[in-house]
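# Observations on chain architecture
For reference, the chains in residue letters:
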Amino acid sequence: MQDFDYIVVGSGATGAIAAKTLVERGKNVAVLDAGIWEEKYRNIIPDQDWLTIRKTDTNQHRYFLGDNFEGVVWEESRVGSQLTPPRNYLKQSVEELMPFVSETFFPFESLAKGGLGGGWGTGCFAFSTAELEKCGLNPTEIKKAYNQVSELIGISGQHDDSGPYSLGEIENAQAPISMEKSIAKVYSNYQKQKAALNKDGFFMGRSAIALLTQDLDDRQSCKKYDMEFWADKDKSAYRSWMTIDSLKAKPNFDYLPGWLVLSFQEVDGWVNITARNISDNSEQTFRCRQLVLAAGVLSTARIVLRSGNQMGIKLPVLCNPYSYMPTMQLAMLGNEPEQFKTGIGQAALFHDPNKTNFDVAQSALFSYRQLLLFKLAKETPLGFAFGRQTMKLLQSAFVIAGIHHPEVQGPDKWIKLEKSDNPLTGDTLTGEYLLSEKEKERMDWRETQYRKALRTLGCFPLKTIRTPQGGSIHYAGTLPFSDSDKSNSLSVDGKLNGYKNVWVADGSGFSYLPAKGLTLTLMANAANVCSKI
Amino acid sequence: MDSIREAQNLSVYLCGRPCSDELAMRYSLAIGQQQIQLSEKDQKLWDLAMKNTFFLAAIDSGLALTNSKSQIRRKVFLMLAILEASVEFCDEFIPKGKSKLNVLFSLVWIGMKAVFFAIIGILIVKLI
Ligand SMILES: Cc1cc2nc3c(=O)[nH]c(=O)nc-3n(C[C@H](O)[C@H](O)[C@H](O)COP(=O)(O)OP(=O)(O)OC[C@H]3O[C@@H](n4cnc5c(N)ncnc54)[C@H](O)[C@@H]3O)c2cc1C
């Protein structure tokens, strides 16, 4: 048995910040993590821009397509199509170690070092006071924590029309990255049509992104190599593993990868944690005074349900519905490709029809290049030779709007753990995720409004694609915050009700999911929870 | 037909010229790994498609409209990806600066060819 003062489970966005906060407070901390890592492609990607790589690197097929051609996906991919071969490790072993079965809900989980944060789009959004309250969070504390997190991870952005929806009251943001031509054109159209768009509740501005425009510690400002979905050479885009790596130098920190945490038990002022070694299957007990669960909401739910022997008990779950609209910005047809740019969303369009900064929908605007053309050719109803030629001509005019919708709890949105013949865990998480008719109508209406606004901005929507539930990769609300101490809920400071020394630092407590990406708030909450334990 | 010859035919159809042996070998490796099985009907279509680029263009275009998930299309798709991720063919995939008029004319021309091949392809797919 190994003893620690504090054990944090998970090294994702929340686990990394939880550990960092505790270590800075001088506590002895171990991060217990599945910690899957990738070395195969990381070191063969040149430190060059996309265009140069495409024209010169004879090894490019290895990371663009994958050594086993895993990047050439023929089947309809349900979730996470942005995950390239170098990012495939994010989903490695998830099916075996964390089985999830559902006909209606297709979440994306990770057992990687750094969790989903190893591939996130870096979009940061400060929730408004009303949104934080509806989540069950303390607005004053979280707003303070936003600034701490921003300082740590480095957020760039601008206090323009999107300011209230993205940077909020964050004061230490770096200057925004210069925009690529096609998004700059949409932005300039917005400036011209602003009055009409604002009247309809649309506000556009620079995205707040965890992408450096000034160096920070060992991380460099973004070189605009347009390789963010493949590599982290300059470390300009924040990835949670960077925090874990920087903590490794501290004497009061241990990183223990290779362990799948199964359950915990409180015994005589200690928390005993049972974990399975993912390489040899052996089981071991770790012991700590305080346990912080930050394994991602679904995985944390598994651990909590298993520990309480609560098979078949339904927990609520939240996931933002997500749709995207490929659009054509005709003004950009035939434009020369830019050598230096970034594929990360540089502008966002918010829909706030009541102008209250509540119940807001959010759309990031992207161009398309980095992920290669052959995937676009597959989307056309043409022979591939003609699909290639058409997409080559149209590519510079593509603007893709990814729309997140706000989400509330509902009777048909749940998960439960059931006994199964899974050899490693003996159970399987199952679930259902169905929107009510009213919610679907609201989405239809939102999408219609977006189509109108995008046309006003000079982007003509080609179609609207709704991803299956789970596709937004934003999950929350399985152990909602509660004032009472009922089981399977959290106190507002993150303690798991019914236990003395078990805390939850991920999004399990959020009772509402604004459409704005939740990860900045997840990290702020983790910092806040761990500033008090 | 061996997969090296298949790769050459596909390369001519997709990008207008045959590929190097290295890319052909890569295609051969990919086909082996992905274990693509053709049904009896698909095999007949494939044999015809491999006879010349005209039939290949027609069958691929016909299938794009009638059975876009066909395993034949999967093979063509694999080769397209291999060609794109190569220094040899990258220029066939990276847009070039052009006037809008030029783009529009090119689109119309490609569209006309695509429709022509699709009509022939649908007939072939129906007949075989
Ligand atoms: C492609 C992509 C783009 C995204 N873009 C954005 C964006 O732009 N903005 C935004 O706000 N959000 C975005 N997200 C979502 C964001 O990545 C997640 O919200 C966030 O990373 C969740 O962090 P987490 O710490 O809660 O969980 P996770 O990232 O899931 O981390 C879980 C950690 O726990 C470990 N773990 C899990 N179970 C166990 C166990 N049983 N035992 C031991 N260890 C365990 C895992 O190894 C991992 O380290 C994106 C996600 C993806 C995949």
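Our subject is the structure listed above.
So, here is what we can say about the structure in this document. Everything numeric in this text was worked out from a predicted model, so none of it was measured.

Assigned secondary structure in chain A consists of 13 helices and 20 strands. Expressed as lengths along the three principal axes of its C-alpha atoms, the size of chain A is roughly 70 × 55 × 45 Å. Taking all 533 residues of chain A together, the buried fraction comes to 63%. A sequence separation of at least 24 residues applies to 72% of the contacts in chain A between residues at least 6 apart. Working note: accessible area of chain A is about 19100 Å², and carbon and sulfur atoms make up 49% of it. Charge separation in chain A, taken as the distance between the mean sites of 59 positive and 60 negative side-chain charges, equals 4 Å.

Right, let's get into the pattern of salt bridges. Residue and element names in this part refer to chain A. Tallying each qualifying case throughout the model produces 36 salt bridges over all chains. We note a salt bridge from Glu439 to Lys413, for which the minimum N-O separation is 2.7 Å. Of the two residues, Glu439 sits in helix 12 (residues 437-456) while Lys413 sits in strand 15 (residues 413-419), which places them 26 residues apart along the sequence. In this structure, Glu418 engages Lys416 in a salt bridge whose closest nitrogen and oxygen atoms are separated by 3.4 Å. When salt bridges with common partners are traced through the structure, they connect Glu38, Arg42, Arg87, Asp232 and Arg239 into a single cluster.

All right, on to the nonpolar core then. With 107 residues, the main nonpolar core has Ile7, Phe264, Ile273 and Leu291 of chain A as its most contacted residues. In this structure Phe264 of chain A touches Val271, Asn272, Ile273, Leu291, Leu293, Ile303, Val304, Ser307, Leu496, Tyr499 and Val502 of chain A, once residues within four positions along its chain are discounted.

Moving on, we get to unusual backbone geometry. As a rule of thumb, non-glycine residues mostly have phi less than zero, and peptide bonds are mostly trans rather than cis. Residue and element names in this part refer to chain A. In this model, Phe69 sits at a positive phi of 55°, which is unusual for a non-glycine residue. Structurally, Phe69 can be placed in the loop between helix 3 (60-65) and helix 4 (94-97). Note on Phe69: relative accessible area 4%, which makes it buried. Despite not being glycine, Asp268 shows a phi value in the positive range, around 45°. Looking at the secondary structure, you find Asp268 in the loop between strand 6 (259-267) and strand 7 (270-277).

Attention now moves to the site of the ligand. Residue and element names in this part refer to chain A. Around the ligand, a shell composed of 37 residues is seen, among which Thr14, Asp33, Val261, Ser299 and Thr519 lie nearest. Between Ala13 and the ligand, the recorded distance is 3.2 Å, taken from a backbone N or O atom to an oxygen atom. One nitrogen or oxygen atom from the main chain of Leu518 is found 3.3 Å from an oxygen atom belonging to the ligand. For the ligand, whose accessible area on its own is 1000 Å², the fraction buried by protein is 93%. Mapped by element, the contributors of at least two residues to the shell around the ligand are helix 1 (13-24), strand 6, helix 9 (297-307) and helix 13 (519-530). No other element matches strand 6, which puts three residues into the shell around the ligand. Among the residues making up the shell around the ligand, the classes are represented as 17 nonpolar, 18 polar and two charged.

All names here are of chain A. Applying the stated criterion across every chain, the model contains three cavities of 30 Å³ or more. Its boundaries defined by the atoms lining it, the largest cavity holds a volume of some 190 Å³. Lining the largest cavity are 16 residues; nearest its centre among them are Glu180, Pro337, Glu338, Lys341 and Ser396. A per-class count over the lining of the largest cavity returns five nonpolar, five polar and six charged.

What counts and how
Residues numbered from 1 in each chain as written. Chains lettered and ligands numbered in written order. Predicted model: local features only at pLDDT ≥ 70, side-chain atom pairs only at ≥ 80, totals over all residues. Heavy atoms only, no water. Helix = DSSP H or I, 4+ residues; strand = E, 2+ residues; numbered from the N terminus. Buried < 20%, exposed > 50% of the residue type's maximum accessible area, 1.4 Å probe, protein only. Contact = heavy atoms within 4.5 Å. Areas by Shrake-Rupley, 256 points an atom, 1.4 Å probe, with all protein chains shown as cover. Lys, Arg positive; Asp, Glu negative; His and termini not counted. Charge placed at Lys NZ, Arg CZ, Asp CG, Glu CD. Salt bridge = Lys/Arg side-chain N within 4 Å of Asp/Glu carboxyl O. Core = buried A, V, L, I, M, F, W, Y, C linked by side-chain atoms within 4.5 Å. Near = heavy atom within 4 Å. Polar contact = N/O pair within 3.5 Å; in protein donor to acceptor, adjacent residues only side chain to side chain. Nonpolar A, V, L, I, M, F, W, Y, C, P; charged D, E, K, R; others polar. 1 Å grid on protein atoms, 1.4 Å probe; cavity = no way out; pocket = protein on both sides within 12 Å on 5 of 7 lines; lining within 4 Å. Points joined across faces, edges and corners; volume = space filled by probe spheres on them.

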